[in-house]
Amino acid sequence: MSAWLTTLHQTFIETGYWRQMLLGLQNTIMITLGALCIGVAFGAILAICKYFSEGNRALRPLEILCDTYTTVIRGIPMMVLLLVFFFVVFSGTRNKLGVCILAFGLNSAAYVAEIVRSGINAVDRGQMEAGRSLGMSKLQAMRKVIMPQAIRNILPAIGNEMIALVKETSVAGYVGVMDLTKMGERAKSITFDAVNPLLVVAVTYLIIVLGLTRLLGTVERRLNRDKR
Amino acid sequence: MINVKQLTKRFGDLVVLDRIDVEIDKGDVICVIGPSGAGKSTFLRCLNMLETPSSGQIIFEGNDLTDPKVNLNLHRQRMGMVFQQFNLFPHMTVMDNLTCAPIMLKKEPKEKAEARARELLRRVGLEDRADAWPSQLSGGQKQRVAIVRALCMEPDVMLFDEPTSALDPEMVGEVLEVMKNLAKAGMTMVVVTHEMGFAREVANRILFLSDGAIMEEGTPQAIFQNPQCDRLKGFLAKVL
């Protein structure tokens, strides 16, 4: 046990590498949060566009556009998408972190869009009709009646998406972004300690995911307070 | 008040309503009866355009609702609707169910909307359930709240789509009682129902709808005591 602690001390403290690890963690969190914001916002917009364009002939091009987006994005591995962003769309960029956030965000949006769409569809049709029969516009009924109920269906799945996203950001190192995994890799090659850097990286991801799970549980309970 | 002209509704090749003409006057209490699949609910849902008619016109207080240029939302505020499945908003308390539309659409102050809601709740005997969630109410209570929700918009006409069909038998009475009082107070009502007793007692006119057409129409007396067409005779023999 004490031998292990000594190795840990050598690997992270004596080399001062703990600072790099923290920086990596910071980058991972920034990519995740940034991508999540883009993903949820853009995904929700996609889903609502799809909801309003379904069965409306004038908005058919919009529907096709949304469908194409989700199909293409979901059909391409995140890794490939990241490479395309770095070496084709934004080749020669200096703001690596920004491009990374955008790539993960746009990828996430496709999944979020499907989650939100199915969450909206799961709300009973009668709810929209009741809202409309009172004189609400489709948008008003959406905001006041459908979305608050849909969020309950959506939240657990968004939680899964968040967890997947945190872990997926670990491929960012592939294009030279200094995220947690990349920093762990570097610590490994500098200190020749193969075990501990990876162990620390793995445990850190686990802690983040556990934290997210608890947070989601709390939010879910508060949303369901009207259920008997 | 509502003038239905040559109303036709098709779902694909299936003609559900075939060139229906009806005139509904202020103060009318009209019950629509008929076998299931006759198009009763579709007819009612066309009146406030929840179903878009394939052809024909719905003239409500001088406005043609089938005209795409007309602001439907504005006219729907004056047509209350009560659904078979209640369709209360489960994420809102009873009070919020009642006040959300008046506050949002008529820009009423919260106090005024709540005062009216309380008064109406008192009239249907639910004044103590204002803070309950819909999931805590019985079916009969839910439907009474749903009626009050529609009334809170102070509509000119109330549409009822089989309001008692989803209720346990012992709860049917309390809902019909509320509807009777509403009719007595002079509300214009169109009621799709299987409650023949209610139709006989409360309606001033009955429409017998079968195979997408109004086969017979008249006072409760004429319909129940002296039915003319064979379809109506057969229907009454089954339900009475």
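Residues numbered from 1 in each chain as written. Chains lettered and ligands numbered in written order. Predicted model: local features only at pLDDT ≥ 70, side-chain atom pairs only at ≥ 80, totals over all residues. Heavy atoms only, no water.

Caption draft 1: Highlighting the layout of surface pockets. For the largest pocket, the calculated volume is near 770 Å³. Lining the largest pocket we find 22 residues, and of these Tyr-51, Arg-125, Met-128, Arg-132 and Lys-138 of chain A sit closest to its centre. Elements represented by at least two residues in the lining of the largest pocket include exactly α2 (18–53), α5 (96–121), α6 (125–133) and α7 (138–168) of chain A together with α2 (72–76) of chain B. It is α6 of chain A that contributes the most residues to the lining of the largest pocket, four residues altogether. For the lining of the largest pocket, the per-class residue count stands at 10 nonpolar, three polar and nine charged. Approximately 490 Å³ is the volume found for the second largest pocket. Forming the boundary of the second largest pocket are 18 residues, of which Leu-120, Arg-123, Leu-151, Leu-182 and Ala-185 of chain B lie nearest the centre. Looking at the lining of the second largest pocket, the elements that each hand over two or more residues are α4 (110–123) and α6 (169–184) of chain B. Looking at the lining of the second largest pocket residue by residue, the class counts come to eight nonpolar, three polar and seven charged. (1 Å grid on protein atoms, 1.4 Å probe; cavity = no way out; pocket = protein on both sides within 12 Å on 5 of 7 lines; lining within 4 Å. Points joined across faces, edges and corners; volume = space filled by probe spheres on them. Helix = DSSP H or I, 4+ residues; strand = E, 2+ residues; numbered from the N terminus. Nonpolar A, V, L, I, M, F, W, Y, C, P; charged D, E, K, R; others polar.)

Caption draft 2: Broad picture of the packing of α2 of chain A against α5 of chain A. Residue and element names in this part refer to chain A. It is at 5 Å that the axes of α2 and α5 come closest, and there the two elements cross at 40 degrees. When the interaxial angle is binned, α2 and α5 end up oblique. Both α2 and α5 take part in a crossing whose hand is right-handed. Its residues assigned to classes, the contact of α2 with α5 shows 21 nonpolar, seven polar and three charged. (Axes fitted to C-alpha atoms, helices over the stretch in contact; angles between N-to-C directions. Parallel < 35°, antiparallel > 145°, perpendicular 65-115°, else oblique. Left-handed = near helix turned anticlockwise from the far one by under 90°.)

Caption draft 3: Region of interest: α6 of chain B. Residue and element names in this part refer to chain B. Here α6 spans 24 Å end to end across 16 residues, near enough to the 22 Å set by a 1.5 Å rise per residue. Turning to α6, its buried residues number three or more, namely Met-171, Val-172, Val-175, Leu-176, Val-178, Met-179, Leu-182 and Ala-183. Angularly, the buried residues of α6 cover 155 degrees about the axis, an arc narrow enough to put them on a single face. Structural note: α6 exposes Glu-170 and Lys-184 on the side pointing more than 90 degrees away from its buried face. Downstream of α6 by one or two residues, Gly-186 has phi in the positive range, about 95 degrees. (Expected span 1.5 Å × (residues − 1). Buried < 20%, exposed > 50% of the residue type's maximum accessible area, 1.4 Å probe, protein only. Arc of directions from axis to C-beta.)

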